[in-house]
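Structure assessment
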Amino acid sequence: MITYDKNNKIFNLTNNEMSYIFCILKNGKLGNLYYGDAIGENLKIDQMIHFEKTSLTVNYFKNDDKFSMQNIKQEFPEYGRGDYREPAIMLTRENGSHLTDLFYKDHTIYKGKKSLEGLPSTRGEKICETLVVELYDDIIDLTVKLYYTIYKNINAITRHVEVMNGEKESVKINRLLSASIDFFDSDYQWLQFSGDWSRERHLIEKKLSEGITSVGSIKGTSSAEHNPFIILKREKTDEFKGEAYGFSFIYSGNFLAQGEVDSRKTLRMMMGINPFQFNWKLDKKESFVSPEVVLTYSNKGLNNLSHQLHDLYNKDLVQKKWMTQKRPVLINNWEATYFDFDENRILSIAKEAQQVGIDLFVLDDGWFGARNDDTKGLGDWIVNKEKLPNGIQGLSKKINDLGMKFGLWFEPEMVNEASNLFKEHPDYIISDPQRNSSVGRNQLVLDFSRKEVVDEIYRMMENTLKNSTVEYIKWDMNRFISEPFGKDLGLEHKGEFFHRYILGLYSLLEKINENFPHIMIESCASGGNRFDPGLLYYAPQAWTSDNTDAVSRLFIQYGTSYGYPISSIGSHVSEVPNHQVGRLTPLKTRTDVALFGTFGYELDIGKLSNEEKSQIEEDIKFFKGNQELIQKGRFYRLISPFKTNNETAWICVSNNKEEALVGFYRIRNAASNPLKKIILTGLNPEYNYSVNGKEYSGRILMKFGILLTDFYGENKVTGDYYSKLFVVKKI
Ligand code: DGJ
């Protein structure tokens, strides 16, 4: 898959469908030649780079006015040598200079992939090959290694960078993007996934034009405002056809995704740690490893682009165990009780849940310390015996005796001022000691850049976990970082704070995974405020949003599916009126939306009518019967709520194409609706299928579709918030 053409100095990373090609230029730096459909071998640099003289540029060589860094498509752009687009790397040397001159020195190619120490990354379980290109600046004695891994059966390339300082001087890394690509043209639509609390990952599309288009975070988490995932697509590309590129960052902290279009209309696309507030000091002989970026490519539309990421994350990022294991159907008590519960109340919810077939009971916030509301107790990970006299040990056993697994909520990174942890260790929080600390949800953030803080939290968590039968953790994080100041970090290292915080977080997650391998973690951050591939590495599913309203969820889950597999999308059926938006939707619609995710409940089933309870029992049986298909099948988006603002449709197709499940949703009804049909995809045109009992050929389903008018409420007036499932089975 990876070759180096010595004569032409060209690196070629090609699998069956795509090629990524770059070269060593005549000044020894790397030039980007091509990224797109597979184009094979026997390439020449001057076929793919146009060297020309232009008036305003500066020349790299005195005697060659056609060789200017500004006009050349680069692979790892640097600062200060005549390229005025933003660079991938910038350092400060001891003499104050920001200049680097990195030249090709060597490269290695090997089978498989190595993991990144202390950072999440794809695991290299699938067939892949890695190229490491070594660049060297002899004036600084600095080595930079560029890592590329290409997958054989997934159109994905992972990239990261390692900077290794030599023996001459210390340097400060001011800027280090994990991947930078110069595209030949900029005729692309930029797709970002943005929002806010309870409105996460809404698709926003804009046309690139001269200047910089960017999204990022400086909040200490990847954030609900912008996801670390971007798509570039051609104007005519849709879900089913056309060219698209994905950029996904395996990182949970401050990030930057940026596209810069220059005056010649080329595009420099880059992604990595946000350079704002980032400054990493490297003493002599020290090194720094950047987190990993995943590049994906499709020439078959956006569904296909998403499939590359779904496959990569399902099969090579999440922990091996969770790649295949069926996820439990869970019930969470948060919306049923909030902080107001005791053991009896919890057991009564659990009993009802067990009777309808739920596998796992999750006890949410409020089980510890003096935590009877959100003003107290956070950080005291010791059970509140007034609420739970038999402790977590006793409660978890009782839940197990009912025939259910037990799960528990933690918010390990936070503390209330009114807590024993804060009283004992007021210095544990992130703060500037000369200033007030801002609170968010009445809480302060613990300084996870400090090992002793992480160790203390681990000690408390371990105590609870080892003395109980917890098999699931909901790992919450409910505010952004403010007053960022690494109190313990020396003056020269203050700019390392945000990244060190994330490294501390990852070290704790790693330790829990290692020491409690039977526990599955679901990540959460006020819902989907930290839904990113970095956390997926430790936690195979994420609470997608605090918004459990079925209509809002159509947008949130549809948007999330562009970059993340359905198996990671935490989705629950909750009560009505909905707690976030007050909407009344039918139980059926709430269920039909939640089914396309990890599926669970967040209400007190005991409060429902007998008819609703029997319905839920049926729904859970239905989910379990289709779980393999939903968790491991192919998910395609069919009708976008972002386009129609009224209708949504999606489909999961089993890998052998013998079964499929289609969800159709209509928000508002109208009289005399236009005729409607849904065209299915991913089936076998040669097969015959039954769709809710009616017979169709695969060809008809995929060319003509299902007439919705046939099915609309089976000739009843259906009202708003309507949903319909179509069960497709090979005959
Ligand atoms: C925010 C989460 O998103 C909710 O699901 C719940 O766990 C609360 N925190 C508890 O405080």
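The next point concerns the overall build of the protein chain. Secondary structure summary: the protein chain contains 16 helices and 39 strands in total. Once the C-alpha set of the protein chain is aligned to its principal axes, its extents read approximately 85 × 70 × 40 Å. Residue burial in the protein chain is summarised as follows: out of 731 residues, 62% are buried. When the accessible surface of the protein chain is summed, it comes to about 27,300 Å², and 49% of that surface belongs to carbon and sulfur atoms.

The biggest cluster of nonpolar side chains holds 181 residues, and the ones touching the most others in it are L363 and W367. Per-element tally for this core: the top contributor is helix α9 (residues 497–515), with nine residues. Discounting residues that sit within four places of it in the chain, L363 has contacts with N333, F341, I346, L388, I392, L395, F406, G407, L408 and W409. Formed by 21 residues, the second largest nonpolar core is a distinct cluster that contains I639, I651, A660 and V728.

Here we take up the pairing of strand β11 (residues 189–194). Counting buried positions over the six residues of β11 gives six, a clear majority of the element. Here β11 shows two buried faces, one formed by Q189, L191 and F193 and the other by W190, Q192 and S194. Here β11 runs beside strand β14 (residues 226–233); their pairing, made up of five bridges, is antiparallel. When the sheet's bridge partners are listed, L191 is paired in β14 with I231.

Right, let's talk about helix α8 (residues 451–466) for a bit. When the terminal C-alpha atoms of α8 are compared, their 22 Å separation across 16 residues agrees well with the 22 Å that a helix rising 1.5 Å per residue should span. Turning to α8, its buried residues are V453, V454, E456, I457, Y458, M460, M461, T464 and L465. The inward-facing, buried residues of α8 contact α6 (391–401), β23 (405–410), α7 (420–424), β26 (470–475) and α9.

A word on the sheet that holds strand β27 (residues 520–523). The nine strands lie next to each other as β29-β28-β27-β26-β23-β22-β21-β31-β30, forming an open sheet whose pairing is parallel. With one partner strand each, in any of the chains shown, β29 (569–570) and β30 (572–574) form the two edges of the open sheet. Of the strand pairs in this sheet, β26 and β27 are connected by four bridges, and their pairing is parallel. Bridging from a neighbouring strand, Y472 pairs with M520 of β27. Packed onto the sheet, α9 meets β26 and β27 and runs at close to 165° relative to β26.

Moving on: the site of the ligand. Close contacts around the ligand come from 13 residues, with D364, D365, K474, D476 and D546 the closest. Between D364 and the ligand, the recorded distance is 2.7 Å, taken from a side-chain N or O atom to an oxygen atom. Here D365 contributes a side-chain N or O atom positioned 2.7 Å from an oxygen atom of the ligand. In isolation the ligand offers 300 Å² of accessible surface; the protein chains occlude 97% of this area. When grouped by side-chain class, the residues that make up the shell around the ligand number four nonpolar, three polar and six charged.

The description of two packed helices rests on the angle between their axes and on the distance between the axes. With their axes 10 Å apart at the nearest point, helix α5 (residues 343–356) and α6 run at an angle of 20° to one another. Relative to α6, the element α5 lies roughly parallel. Judged by the sense of rotation from one axis to the other, the crossing of α5 with α6 is right-handed. Across the interface between the two elements, E343, I346, L347 and A350 of α5 pack against L395, K398 and I399 of α6. Across the contact of α5 with α6, the residue classes break down as five nonpolar, no polar and two charged.

Strand order in this open sheet of four strands is β1-β2-β3-β4, and the pairing throughout is antiparallel. With one partner strand each, in any of the chains shown, β1 (2–5) and β4 (30–37) form the two edges of the open sheet. For this sheet the average axis-to-axis angle between neighbouring strands, irrespective of direction, equals 15°.

As for its position among the elements, N227 is in strand β14. Distance from N227 to F247, taken between C-alpha atoms, is 11 Å for residues 20 residues apart in sequence. Residues within four places of N227 in sequence aside, it is in contact with F193, R201, F255, F531 and Y564.

This paragraph deals with helix α12 (residues 587–594). Within α12, seven of the eight residues are buried, which leaves the element mostly enclosed by the surrounding structure. Taken residue by residue, α12 has L587, T589, R590, T591, D592, V593 and A594 as its buried positions. Taken together, the buried residues of α12 touch α11 (550–560), β30, α13 (610–632), β33 (647–653), β34 (659–666) and β39 (722–730).

Turning our eyes to something else, we now look at unusual backbone geometry. Along the chain, V576 connects to P577 via a cis peptide bond; the corresponding omega equals -5°. Mapped onto the elements of the fold, P577 is located in the loop between β30 and α12. With a phi angle near 50°, R201 is a residue other than glycine that sits in the positive phi range. Looking at where R201 falls in the secondary structure, it is placed in the loop between β11 and β12 (202–207). In this model, R441 sits at a positive phi of 45°, which is unusual for a non-glycine residue. Inspection of the secondary structure puts R441 in the loop between α7 and β25 (443–445).

A few words on the environment of I89. Structurally, I89 is set in strand β5 (residues 89–92). With eleven residues separating them along the chain, I89 and T100 place their C-alpha atoms 8.7 Å apart. Those residues within four positions of I89 in sequence are excluded, and the remaining contacts are F76, P77, E78, Y79, L102, V144, V163, R175 and L176.

Basis of the calculations
Residues numbered from 1 in each chain as written. Predicted model: local features only at pLDDT ≥ 70, side-chain atom pairs only at ≥ 80, totals over all residues. Heavy atoms only, no water. Helix = DSSP H or I, 4+ residues; strand = E, 2+ residues; numbered from the N terminus. Buried < 20%, exposed > 50% of the residue type's maximum accessible area, 1.4 Å probe, protein only. Areas by Shrake-Rupley, 256 points an atom, 1.4 Å probe, with all protein chains shown as cover. Core = buried A, V, L, I, M, F, W, Y, C linked by side-chain atoms within 4.5 Å. Contact = heavy atoms within 4.5 Å. Pairing = 2+ DSSP bridges. Expected span 1.5 Å × (residues − 1). Axes fitted to C-alpha atoms, helices over the stretch in contact; angles between N-to-C directions. Near = heavy atom within 4 Å. Polar contact = N/O pair within 3.5 Å; in protein donor to acceptor, adjacent residues only side chain to side chain. Nonpolar A, V, L, I, M, F, W, Y, C, P; charged D, E, K, R; others polar. Parallel < 35°, antiparallel > 145°, perpendicular 65-115°, else oblique. Left-handed = near helix turned anticlockwise from the far one by under 90°.

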